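Structural features, examined
This is what each chain is made of:
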Amino acid sequence: MKGVIVVKCKRVRRKLSAYLDGELNDKGKEIITEHLKECTNCRKEFTILSEQDELVTKLEAIEPSVNFRIRFWKKVRESEGKEVVKKMPRLSWLPVPVMSLLIVIIISYVSGFYFTLYAKGENLRTQIETQVLENFIASAHPLNPISLLNFCNECWEALCRRAQSQKVSSKCICGRCENQ
Amino acid sequence: MKILDDDIELMLSFQKGEKSCFEKILEKYEKPLINFIFRTIGDRWAAEDLTQEVFLRIYRSAATYKPLAKFSTWLYKIAFDLCIDHQRKGKVKTISLNDPINTEEGQIIREIPDLSQITPDTSIEKRQISETVQAAVLSLPANQRLALTLRIYENKSYQEISKILGCSISAVESLLFRARQNLKQKLSFLIGSFSD
């Protein structure tokens, strides 16, 4: 008999939280209410839970800060501003692949040029390096892709002419010497 | 017969362009929401930021708003999701009462006063009790803390809590049972002395 009471108390205590919250159905409420009338320990447990809830409820609420709404409406205006910007056509991505391609082309061109240059001997190399230095000192060449392209063509022409004068090559290979 | 609750009517009016209706929603819910989030994450200023984020989302969704659920359920669901995100970023103050407090001068061991020896008449002791209770609530696991806050402070039914937390009603019952048992272990020395 004692074992039955212990089991019953265990089941009742598991339901005390829901009983306290008024979330049991009518039958469940009746069973718990009747049990609490007879069982001192469960009644004590219920009292503890009730008082505990009361203690927790008494925690002071915090007040919103004085400028809470001002900050909120500021965020609203900022978000509305960002939405206008988002609706504009997104062209910022466009130059990046184009610039990347341009940089690859320039690096390939210059690398190819220097590879050829080193293959042609020290004197020619010194001549071309001096010319490169002079052109870098000149205005805008490193920054202006078209000027840089022209400069590369001029160096290529100089290399071609030098190759012909040194009898390394029998004909113009740059296509510019013959035009002059 | 009134079909829609007041908050839904306010939201629908705001949707039609009556901005004053949104102010009324703000006025009604700013304090409860701040407190709900503060009791969940333990940081007052972060609670204000998150509350503003909740209202910002409500504001932005006005154009497409449809009253599919009770307004407050929807509001607290958004707040709950933001609290969970905040927790995932590791910013939630879940503390152990045994952890020392780190200060510039070094560590201070947290001392819980023996409140059974003190009468609750003075404001200092009242503040200490409040801090102890607040710390006990913050030390609960997140889901238990959320369920308890929604039940005790917001007076939400188990059904509403289940919709906000995205779990079953029996899971809510279980969360609240375990939350209260955990609190009982931490606050038993206070019960019976200061319930007046």
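Residues numbered from 1 in each chain as written. Chains lettered and ligands numbered in written order. Predicted model: local features only at pLDDT ≥ 70, side-chain atom pairs only at ≥ 80, totals over all residues.

A few words now on the overall build of chain A. Scanning chain A from N- to C-terminus turns up 7 helices and 0 strands. The secondary structure elements of chain A, listed N-terminal to C-terminal, are α-α-α-α-α-α-α. Within chain A, buried positions represent 11% of all 180 residues. Pairs at least 24 residues apart make up 43% of the contacts formed inside chain A by residues separated by at least 6 positions. (Helix = DSSP H or I, 4+ residues; strand = E, 2+ residues; numbered from the N terminus. Buried ≥ 20, exposed ≤ 12 C-beta atoms within 10 Å, placed from the backbone. Contact = placed C-beta atoms within 7 Å.)

Right, let's get into the overall build of chain B. Helix and strand counts for chain B stand at 8 helices and 2 strands. Across the 196 residues that make up chain B, the buried fraction comes to 32%. Expressed as a percentage of contacts within chain B between residues at least 6 apart in sequence, the contacts between residues at least 24 apart total 63%.

Okay, the interface of chain B and chain A next. Residue-level contacts link 32 residues of chain B with 28 residues of chain A. Elements that contribute at least two residues to the side of chain B that touches chain A include exactly helix H2 (19–41), helix H3 (44–60), helix H5 (123–138), helix H6 (142–152) and helix H8 (169–187) of chain B. Here the side of chain B that touches chain A is composed, by residue class, of 17 nonpolar, 6 polar and 9 charged. (Nonpolar A, V, L, I, M, F, W, Y, C, P; charged D, E, K, R; others polar.)

Now for H3 of chain B. Because the α-helix completes a turn every 3.6 residues, residues three or four places apart line up on one side. Over its 17 residues, H3 of chain B extends 24 Å from the first C-alpha to the last, a length consistent with the 24 Å expected when each residue adds 1.5 Å. Residues Ala-47, Glu-48, Leu-50, Thr-51, Gln-52, Val-54, Phe-55, Ile-58 and Tyr-59 of chain B constitute the buried set of H3 of chain B. (Expected span 1.5 Å × (residues − 1).)

This brings us to the packing of H2 of chain B against H3 of chain B. Two numbers describe a pair of packed helices, the interaxial angle and the distance between the axes. Residue and element names in this part refer to chain B. The geometry of H2 relative to H3 is characterised by a closest axis approach of 8 Å and an angle of 140° between their N-to-C directions. Overall, the two elements H2 and H3 adopt an arrangement that is oblique. You can see that H2 and H3 cross each other, and the crossing is right-handed. From H2, Phe-22, Leu-26, Glu-30, Leu-33, Ile-34, Ile-37, Phe-38 and Ile-41 reach across to H3, where they touch Arg-44, Ala-46, Ala-47, Glu-48, Leu-50, Thr-51, Val-54, Phe-55 and Tyr-59. Tallied by class, residues from the contact of H2 with H3 come to 13 nonpolar, 1 polar and 3 charged. (Axes fitted to C-alpha atoms, helices over the stretch in contact; angles between N-to-C directions. Parallel < 35°, antiparallel > 145°, perpendicular 65-115°, else oblique. Left-handed = near helix turned anticlockwise from the far one by under 90°.)

A negative phi angle is the norm for most residues apart from glycine, just as the trans form is the norm for most peptide bonds. Residues and elements named next belong to chain B. A positive phi angle, near 55°, is found at Asn-155, a position not held by glycine. Here Asn-155 lies in the loop between H6 and helix H7 (158–165). On the basis of neighbour count, Asn-155 is assigned to the exposed category, with 9 C-beta atoms found within 10 Å.

A few words now on the nonpolar core. Residues and elements named next belong to chain B. In terms of nonpolar packing, the biggest core is built from 45 residues, with Ile-37, Leu-75, Ala-79 and Ala-147 touching the most fellow members. Broken down by element, the residue count for this core peaks at 8 residues, all from H2. Composition of this core by domain shows at least three residues from each of domain 1 (6–88) and domain 2 (101–187). Beyond its immediate sequence surroundings of up to four residues, Leu-75 is in contact with Tyr-29, Val-54 and Ile-58. (Core = buried A, V, L, I, M, F, W, Y, C linked by C-beta atoms within 7 Å. Domains from an automatic or database assignment.)

Residues and elements named next belong to chain B. Packing of H2 against H6 leaves a shortest axis separation of 9 Å and a crossing angle of 150°. The angle between the axes of H2 and H6 places the two elements in the roughly antiparallel class. The hand of the H2/H6 crossing is right-handed. Taken together, the residues of H6 that come into contact with H2 (itself represented by Phe-36, Arg-39 and Thr-40) are Arg-145, Leu-146 and Thr-149.

Let us look at the environment of Val-54 of chain B. All names here are of chain B. Residue placement: Val-54 occurs in helix H3. Overall, the presence of 24 C-beta atoms within 10 Å leaves Val-54 in the buried class. Along the primary structure Val-54 and Leu-75 are separated by 21 residues, whereas in three dimensions their C-alpha atoms are 7.3 Å apart. Contact partners of Val-54, with chain neighbours within four places excluded, come to Leu-33, Leu-75, Ile-78, Ala-79 and Leu-82.

With that out of the way, let us pick up the environment of Ile-32 of chain A. All names here are of chain A. Relative to the elements of secondary structure, Ile-32 occurs in helix H2 (residues 26–38). Classification of Ile-32 by C-beta neighbours within 10 Å gives buried; the count is 21. On a C-alpha basis, the gap between Ile-32 and Arg-13 in space is 9.0 Å, while along the polypeptide they are 19 residues apart. Once residues lying within four places of it in the same chain are set aside, the contact partners of Ile-32 are Val-12, Lys-15, Tyr-19 and Leu-24.

Atomic detail in the predicted coordinates should be set aside for any region of low pLDDT. Mean pLDDT over chain A works out to 79, with 72% of the residues at or above the 70 mark. Per-element confidence in chain A ranges from a low mean pLDDT of 69 for helix H6 (residues 122–137) of chain A to a high of 93 for H2 of chain A. (pLDDT = per-residue confidence, 0-100.)

This next bit is on the confidence of the model for chain B. Confidence in the prediction for chain B averages 82 pLDDT; 78% of positions are at 70 or higher. In the predicted assembly, ipTM is 0.72 and pTM is 0.60.

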